[in-house]
Amino acid sequence: MARQRLSLLQIWNMCFGFFGIQIGFGLQNANTSRIFQTLGVDVGHLAILWIAAPATGLLVQPIIGHFSDRTWGRMGRRRPYFFWGAVITSLALLIMPNAPTLWVAAATLWVMDASINITMEPFRAFVGDNLPDEQRATGYAMQSFFIGLGAVLASALPWILTNAFHVANTAPAGHVPDAVRIAFYTGGAGLLLSVMWTVFTTKEYSPDQLRAFETSERRAAGFGPHEEPEPSVNAYIAIGVGGVLLGLALAFLVWTARLEKELYVLAVLLLGFGAAGVAGARFKRIGQTDNGFSEVLADIFRMPRTMRQLAVVQFFSWFGLFAMWIYTTPAVAAVHFHAADPTSKAYNEGADWVGVLFAIYNGVAALAAIVIPLLVKAVGRKAAHALCLALGALGLLSFLVVRQPGLLWIGEIGVGFAWSSILSTPYAMLAGALPAGKMGVYMGIFNFFIVIPQLLAATVLGLLLKTFFGGQAIFALVLGAVAFAIAGAAVFAVRDATQPA
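Residues numbered from 1 in each chain as written. Predicted model: local features only at pLDDT ≥ 70, side-chain atom pairs only at ≥ 80, totals over all residues. Heavy atoms only, no water.

**What to know about the overall build of the chain**
Logical step 1: When helices and strands are counted, the chain shows 18 helices and zero strands.
Logical step 2: At 22 Å, the chain has a C-alpha radius of gyration in line with the 23 Å of a compact globule built from 501 residues.
Logical step 3: Seen through its C-alpha atoms, the chain measures out along the principal axes to roughly 65 × 60 × 45 Å.
Logical step 4: In the chain, which comprises 501 residues, the share counted as buried stands at 58%.
Logical step 5: Within the chain, counting contacts between residues at least 6 apart in sequence, those at least 24 apart form 81% of the total.
Logical step 6: Carbon and sulfur atoms provide 69% of the accessible area of the chain, an area that totals close to 19,700 Å². (Helix = DSSP H or I, 4+ residues; strand = E, 2+ residues; numbered from the N terminus. Rg over C-alpha atoms; globule rule 2.2 N^0.38 Å. Buried < 20%, exposed > 50% of the residue type's maximum accessible area, 1.4 Å probe, protein only. Contact = heavy atoms within 4.5 Å. Areas by Shrake-Rupley, 256 points an atom, 1.4 Å probe, with all protein chains shown as cover.)

As structure tokens, this is what we get:
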């Protein structure tokens, strides 16, 4: 018994929702810092305002994965989460550019990021559920294609509205330009329509069918996905006590050395993780582990080896991406357009140009989704991913070297290849290592290594720029390039899960 091979049109329908998701994600990434600065935020405090969203993602992603693994009804297993996540995200996109105050904008970012995660994360498991192993690379490449396409539209929308339709890209102090507002409205409609297309044109296998497929596949291959043994009480206690002690030590260091208060966020996260470990030990000791908290916590401890190795790659890859997303607008405005005032015409021209640059790298990513599978066949998945990350590092470094705004697009070619590979190659390597019944929760846990580097970037990048680089945002892109290079080196330590243990 095996999963049926799907036609290209069926895979297209299954992945089309990602087009809309990336419209929302792209608008958020390219314009949130601009909105915050419009509402009066200093560039040195931009990063801290991004913290609430990823902190919520740490909770939302594994919880949604856990429950989607256990959901089955008229709408299927993953599609109910696509549906409601898209509705909430679209509403957030309508509210964000009309936020009257900074706290409303920050809260809307929190809701937007959480709802995007509700929609996005089951999509990764959706491919693993519905496609046979030999088609999963095609499925993830198709997702990358739509991600690139959606992000091109999202990133370029304000520039298109300004230059093709003459919509104003400047506004009085404290107000978001009309071009940005209309871009968010358009993006919300596009997101909702494309996700609903996937919801109503696709079907899913039942949990019983998926279990039968996994049994048949493991028997045929002679091996299968592997999980580590269930953690002991002592393991929980060690992690719990270690997390608490590290959190207290960091909080004490921040207080005594008068470091940036943003670092308290990391201390709180360590304390929270430690507390979870202690609670897990308590539940296990009294035999009450049949609950969602204990199950997700045990799954974190039992990550397959391939997943743990890929976590290192993801961590540094996404640290580099978040450095780019948070700081490219102020960096380009300051260095290439010589403007720091977010109400000035030069600053907004720079911000619009960043939207175009982001559209270019996303367009390259869409094309790279076609090229990367060919590269994988030629040199293997690990070497192909490392090469793409190296191109991304060179692309970010080019912002420091190239001073003509019109030539910055050259570096975006490398960033596009890195982005496309980050969105597909690690998932292709990971899919074969995950049990079918836990595809959703492990995909959610895997996203820890997207969220954690975002939190780290949001808490330490501002401090690093202020302490070592005179507050110049351009050097955040240099740090992003270094992170890409480290991720590329770490790829070679990953064990390909498609090989027998």
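**Some thoughts on the environment of G277**
Logical step 1: Among the secondary structure elements, G277 is positioned in helix 10 (residues 263-285).
Logical step 2: Assessed through its relative accessible area of 1%, G277 is described here as buried.
Logical step 3: Linking G277 and S294, residues 17 residues apart in sequence, is a C-alpha distance of 9.7 Å.
Logical step 4: Those residues in contact with G277, other than ones at most four positions away along the chain, are Y236 and G240.

**Points about unusual backbone geometry**
Logical step 1: Although it is not a glycine, H166 sits at a positive phi angle of roughly 60°.
Logical step 2: Considering the arrangement of structural elements, one finds H166 in the loop between helix 6 (133-165) and helix 7 (178-201).

**Quick look at the pattern of salt bridges**
A side chain of one charge can pair with a side chain of the opposite charge when the charged atoms of the two come close.
Logical step 1: Per the stated rule, a full pass over the model turns up eight salt bridges.
Logical step 2: For D299, the salt bridge identified is with K438, shortest N-O distance 2.9 Å. Remark: K438 occurs in the loop between helix 15 (409-431) and helix 16 (439-446) and D299 occurs in helix 11 (residues 292-301); sequence separation between them is 139 residues. (Salt bridge = Lys/Arg side-chain N within 4 Å of Asp/Glu carboxyl O.)

**Points about the nonpolar core**
Logical step 1: Counting residues in hydrophobic clusters, the biggest one holds 113 residues, and the most contacted among them are W318, M324, W325 and W419.
Logical step 2: Per-element accounting of this core gives the leading share, 16 residues, to helix 12 (residues 305-335).
Logical step 3: Residues contacting W325, with those up to four places away along its chain left out, are F25, N29, W318, F358, Y361 and W419.
Logical step 4: In this structure, V233, Y236, A281 and A298 belong to the second largest nonpolar core, which totals six residues. (Core = buried A, V, L, I, M, F, W, Y, C linked by side-chain atoms within 4.5 Å.)

**Side note on helix 18 (residues 474-490)**
Logical step 1: In a regular helix each residue adds 1.5 Å, so 17 residues correspond to 24 Å; helix 18 covers 25 Å between its end C-alpha atoms and thus fits that length.
Logical step 2: Every buried residue belonging to helix 18 is among I474, A476, L477, V478, G480, A481, A483, F484, A487, G488 and A490, and all of these are buried.
Logical step 3: Where helix 18 is buried, its residues touch helix 12, helix 14 (381-401), helix 15 and helix 17 (448-468). (Expected span 1.5 Å × (residues − 1).)

**Things to note about the environment of V376**
Logical step 1: With respect to the element layout, V376 can be found in helix 13 (residues 345-379).
Logical step 2: Judged by its relative accessible area of 22%, V376 falls in the partly exposed class.
Logical step 3: Setting aside residues no more than four positions away along its own chain, V376 makes contact with R381 and A384.

**Overview of a nonpolar patch on the surface**
Logical step 1: Residues L91, L94, I95, I182 and Y185 make up a contiguous nonpolar surface patch of about 400 Å² in total accessible area.
Logical step 2: At the level of elements, helix 4 (79-95) and helix 7 are the ones that each hand at least two residues to the nonpolar patch.
Logical step 3: Among the secondary structure elements, I182 is positioned in helix 7. (Patch = residues over 30% accessible without salt bridge, like charges linked within 9 Å, V, L, I, M, F, W, Y side chains within 5 Å.)

**Quick notes on the side chain of N447**
Logical step 1: With respect to the helices and strands, the residue N447 is situated in the loop between helix 16 and helix 17.
Logical step 2: The buried category is assigned to N447, whose relative accessible area is 3%.
Logical step 3: Among all residues touching N447, those that are not within four sequence positions of it are Q61, N117, E121 and Y427.

**A few points about the packing of helix 2 (residues 17-38) against helix 7**
For any two helices packed against each other, the geometry comes down to the angle between their axes and how far apart the axes lie.
Logical step 1: Orientation of helix 2 relative to helix 7, taken along the N-to-C sense of each, is 155°, at an axis distance of 6 Å. Taken as axis vectors, helix 2 and helix 7 run roughly antiparallel relative to one another. The interaxial crossing formed by helix 2 with helix 7 has left-handed handedness. Packed against helix 2, whose contacting residues are G17, F19, G20, I21, I23, G24, L27, N31, R34 and I35, the element helix 7 presents V180, A183, F184, G187, G190, L191, S194, V195 and T198 at the interface.
Logical step 2: Grouping the amino acids of the contact of helix 2 with helix 7 by side-chain chemistry returns ten nonpolar, eight polar and one charged. (Axes fitted to C-alpha atoms, helices over the stretch in contact; angles between N-to-C directions. Parallel < 35°, antiparallel > 145°, perpendicular 65-115°, else oblique. Left-handed = near helix turned anticlockwise from the far one by under 90°. Nonpolar A, V, L, I, M, F, W, Y, C, P; charged D, E, K, R; others polar.)

**As for the packing of aromatic side chains**
Logical step 1: In this structure the tally under the stated criterion is 26 aromatic pairs.
Logical step 2: With a centroid separation of 6.1 Å and 85° between ring planes, the pair formed by F123 and F126 is classed as edge-to-face. Residue F123 and its partner F126 are both found in helix 5 (residues 102-130); the two are separated by three residues, about one turn of the helix. Across this residue pair, the class does not change: F123 and F126 are buried.
Logical step 3: Put simply, the rings of F25, W318, F322, W325, F358, Y361 and W419 touch in pairs and so form one group of aromatic residues. (Phe/Tyr/Trp six-rings, centres within 6.5 Å; stacked < 30°, edge-to-face > 60°.)

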